[in-house]
Amino acid sequence: MSGRFVRSSKYRHVFGRPTKKEQCYDNLRVSRNAWDTNLVKVNPKHLAVNWEAGGGGAFAVIPLEERGKLPERIPLFRGHTAAVLDTDWNPFNDDLIASGSDDGKVFLWRVPDNFTLRPDVDPDDVQDIAPVGKLSGHPKKIGHVLFNPAAENVLATASGDYTVKIWDIEAGVPKLKLNVGDIVQSQSWSANGSLLVTTSRDKKLRIWDNSRAVWLGERDRIATTGFSKMSDRQLALWDIRAAREPISGFKTLDSISGVCMPFWDDGNSCLYLAGRGDGNIRYFELENDKFEFLSEHKSADPQRGIAFMPKRGVNMHENEVARAYKTVNDSYIEPVSFIVPRRSENFQDDIYPPTVGLTPAMGPSEWLEGKEAIPPKISMASLYEGQGLKEVSGVEEKPTGAMDAPAPKPVEAKPEEPVRKTPEPAAPKTVLQPEPEPTPVARPAPSMKDQGASMAAMVSKFADDEEAAEPADDDDSSFEEVPKPVERAPRSAAAEVSSPRVSSLLRPKEVEAKPSPQPSAPSPITHSPASEASLPPTNRDIEDIKNLIAEQTKTIASQAQQMQTLTAEIESLKTKLN
């Protein structure tokens, strides 16, 4: 039976939109070095590409607006004496970048102001860019460099000497050294910068015996991709508090031999897996500690390297929730936009929650002293409206739990208010429970019909208001189908007034709540039905009916939300039992 229900999700119809060749970044010479890195890194201003260069190592920085075919001779970021293996942009400064090389050095670079790949000079006079700083301390190649996402100027470097070093780049010296014991294949920081996860081939690190790992933002969860004993590609979700085995085991993806490169979107709780050696990007939504498959962007052009744009750089006017930059044939880079198909021209606050901006949570000295904090977040709405970066929240001290919402939004607080207010009628209910009045009120249905014209108008008025309010909620998500049962609730309000059996099926106490307005006129209730027929001084009765319908509408809406919550809990329990 459960297979007949379609899971509700705002991202169920997200699709990947490729870019025309003339709008890509063409005539590139992507590095052919076989080291296992992503080759490409991007931020809202620049694209960094490991370059196939002679006479030492180099990488290129491409301004995002300079699309099309690049000149044969462009200014490169040159200084290493061997191939550049990895780069990483500073998360708090879009013009600063670090590079690691086969020569065992880490260089720091600054993109010049008004930098362009098409300078107005002769090609022979094009000048390369020199580094502004150097970090020396590894005796062997440096395969991975990664800035701390919360602390300013803190950098992790993984080397062929089987160690990871944590640098304070202001001081230019390593502050910590981690002895991994094997070649590091990937590394990822937690959102507050306090923990670092690495993957390697060292079998002693059982949880990290995978090809790649990514920290799931502010959650206490890690996703890994790797291979089974039968060489099938797998996906796993880990709880760092109980990391002996993955949650719900390993999920088999396919039998392709290329590594899956994982990328996490914390704002939308989506995981993107890009296969190395194939052209496909599949994506999942994390819900109740389970990766729910959404869809797959398929392409005949395989990728060796890929990078995802930080959320503050996506195009919100086209409902773009993610953008990937993939290498194609080592000669050009193609942007792939992931779009939520909606017709609205307005800002979509439900798919663009606040995201991390350019302000760090702490400095390197505070981080080394043990401080844990998440950087302040910025409003995506302010970027949508062209108002620049505006912070909307303070520093969050610890990562959120796996089941908590990443960033509570003011909009989401509104529907909670009626849920909290609905229990208020509980006090009159307990008082009225022992009283026999509910039975007489249930009987005089004919007296209600005597007031047919005024009551029908009043009931239809309230029903129309509720139905008009329901579609407004649906506009927040074009694909959510769960609220449909709620639409029935206002329709049953009219039936509940004339038929107590309907309300008793929903909640027996609702029948007891009906007499709450009646004690103000005790004589019609306590006397015979003939005296009740004299009710129509209708002004007071209509006010009573208004109050009843308003209370019942709130209660029905509350029950619908509780049903949804219970359904989610049941599905979660089923998952855990299975």
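For clarity, every value in this text was computed on a predicted model and none was experimentally measured.

Chemist: Is there a simple way to explain the overall build of the protein chain in this structure?
Modeler: In terms of helices and strands, the protein chain carries 14 helices and 30 strands. The burial tally for the protein chain puts 49% of its 578 residues in the buried class. Taking the contacts inside the protein chain whose residues are at least 6 apart along the sequence as the reference set, 56% of them involve residues at least 24 apart. Total accessible area on the protein chain is roughly 28100 Å²; 52% of this is exposed by carbon and sulfur atoms.

Chemist: I keep staring at the pairing of strand 27 (residues 320-328) and nothing clicks. Help me out?
Modeler: Successive residues of a regular strand alternate their side chains across the two faces of the sheet. For strand 27, the buried fraction is high: 9 of the 9 residues fall into the buried class. One ladder, built from 3 bridges, connects strand 26 (residues 306-308) with strand 27; its direction is antiparallel. Looking across to strand 27, one finds that Phe308 is bridged to Ala324. As defined by bridge partners, strand 27 adjoins strand 28 (residues 332-339) across 8 bridges and the pair is classed as antiparallel. What sits directly across from Thr327, in strand 28, is Ile333. Where strand 27 hands over to strand 28, the hairpin turn is made up of 3 residues, of which Asn329 adopts a positive phi near 55 degrees.

Chemist: What is the right way to look at the sheet that holds strand 24 (residues 281-287) in this model?
Modeler: Note on sheets: strands pair through backbone hydrogen bonds, and any given pair is parallel or antiparallel. Judged by pairing direction, the sheet is antiparallel, and its 4 strands sit side by side in the order 22-23-24-25 without closing on themselves. Of all the strands in the sheet, the pair left with one neighbour each is strand 22 (260-265) and strand 25 (290-297). Strand-to-strand twist across the sheet, computed as the mean angle between neighbouring axes with direction ignored, equals 25 degrees. In the sheet, strand 24 pairs with strand 25 via 7 bridges, with the strands oriented antiparallel. Following the sheet pairing, Leu286 is matched in strand 25 by Phe291.

Chemist: Please clarify how the UniProt feature "coiled-coil region" (unreviewed entry) in the protein chain should be interpreted in this entry.
Modeler: UniProt's entry tags residues 549-576 with the feature "coiled-coil region" (unreviewed entry), counted in the numbering of this structure. Regarding residues 549-576, the helix share stands at 100% and the strand share at 0%, and the terminal C-alpha atoms are separated by 40 Å.

Chemist: Explain unusual backbone geometry to me, please; I cannot follow it from the model alone.
Modeler: You will see that Tyr162, though not glycine, has its phi angle at about 70 degrees, which is positive. For Tyr162, the position within the fold is in the loop between strand 13 (154-159) and strand 14 (163-168). According to the relative accessible area criterion, Tyr162 is partly exposed, its value standing at 40%. In the Ramachandran plot, Asp330 falls in the positive-phi region, its phi being about 55 degrees despite a non-glycine side chain. Locating Asp330 in the fold gives a position in the loop between strand 27 and strand 28.

Chemist: Explain a nonpolar patch on the surface to me, please; I cannot follow it from the model alone.
Modeler: A cluster of nonpolar side chains, namely Met563, Leu566 and Ile570, defines an oily patch on the protein surface of about 290 Å² accessible area. Considering the arrangement of structural elements, one finds Met563 in helix 14 (residues 538-577). Residue class for Met563 comes out exposed when judged on its relative accessible area of 51%.

Chemist: What is the right way to read the sheet that holds strand 7 (residues 77-80) from this model?
Modeler: Strands sit in the order 3-4-5-7 across an open sheet of 4 strands; the sheet is antiparallel. Looking at the sheet topology across the chains shown, the edges are occupied by strand 3 (40-42) and strand 7. This sheet shows a mean twist of 20 degrees between the axes of neighbouring strands, independent of strand direction. Relative to strand 4 (residues 46-51), strand 3 runs antiparallel, the two being bridged by 3 bridges. Its bridge partner lying in strand 4, Lys41 is registered against Ala48.

Chemist: How should I be thinking about the pairing of strand 8 (residues 84-89) in this particular structure?
Modeler: When you tally the buried positions in strand 8, you get 6 out of 6 residues, the bulk of the element. Here strand 8 hands over to strand 9 (residues 96-101) after 6 residues, the two strands then running antiparallel side by side.

Chemist: What is the right way to look at the environment of Ile374 in this model?
Modeler: In this fold, Ile374 is placed in the loop between helix 1 (364-368) and strand 30 (377-378). In this structure Ile374 comes out as buried when scored by relative accessible area, which is 1%. Sequence separation between Ile374 and Met362 is 12 residues; the distance between their C-alpha atoms is 8.8 Å.

Chemist: Sorry, what's going on with the pattern of salt bridges here?
Modeler: Pairs may arise between side chains of opposite charge once their charged atoms sit close together. Considering all chains together, one arrives at 30 salt bridges under this definition. Across the salt bridge formed by Asp266 and Arg219, the nearest N and O atoms sit 3.2 Å from each other. Of this pair, Asp266 sits in the loop between strand 22 and strand 23 (270-275) while Arg219 sits in the loop between strand 18 (212-215) and strand 19 (221-227), and the two are 47 residues apart along the sequence. Put simply, Arg221 and Asp220 hold a salt bridge, and the shortest N to O gap is 2.8 Å. One salt-bridge network, held together by shared partners, links Asp220, Arg221, Asp239, Arg241 and Asp289.

Reading guide: rules and limits
Residues numbered from 1 in each chain as written. Predicted model: local features only at pLDDT ≥ 70, side-chain atom pairs only at ≥ 80, totals over all residues. Heavy atoms only, no water. Helix = DSSP H or I, 4+ residues; strand = E, 2+ residues; numbered from the N terminus. Buried < 20%, exposed > 50% of the residue type's maximum accessible area, 1.4 Å probe, protein only. Contact = heavy atoms within 4.5 Å. Areas by Shrake-Rupley, 256 points an atom, 1.4 Å probe, with all protein chains shown as cover. Pairing = 2+ DSSP bridges. Axes fitted to C-alpha atoms, helices over the stretch in contact; angles between N-to-C directions. UniProt positions renumbered as here; feature names shortened; annotations may be inferred. Patch = residues over 30% accessible without salt bridge, like charges linked within 9 Å, V, L, I, M, F, W, Y side chains within 5 Å. Salt bridge = Lys/Arg side-chain N within 4 Å of Asp/Glu carboxyl O.

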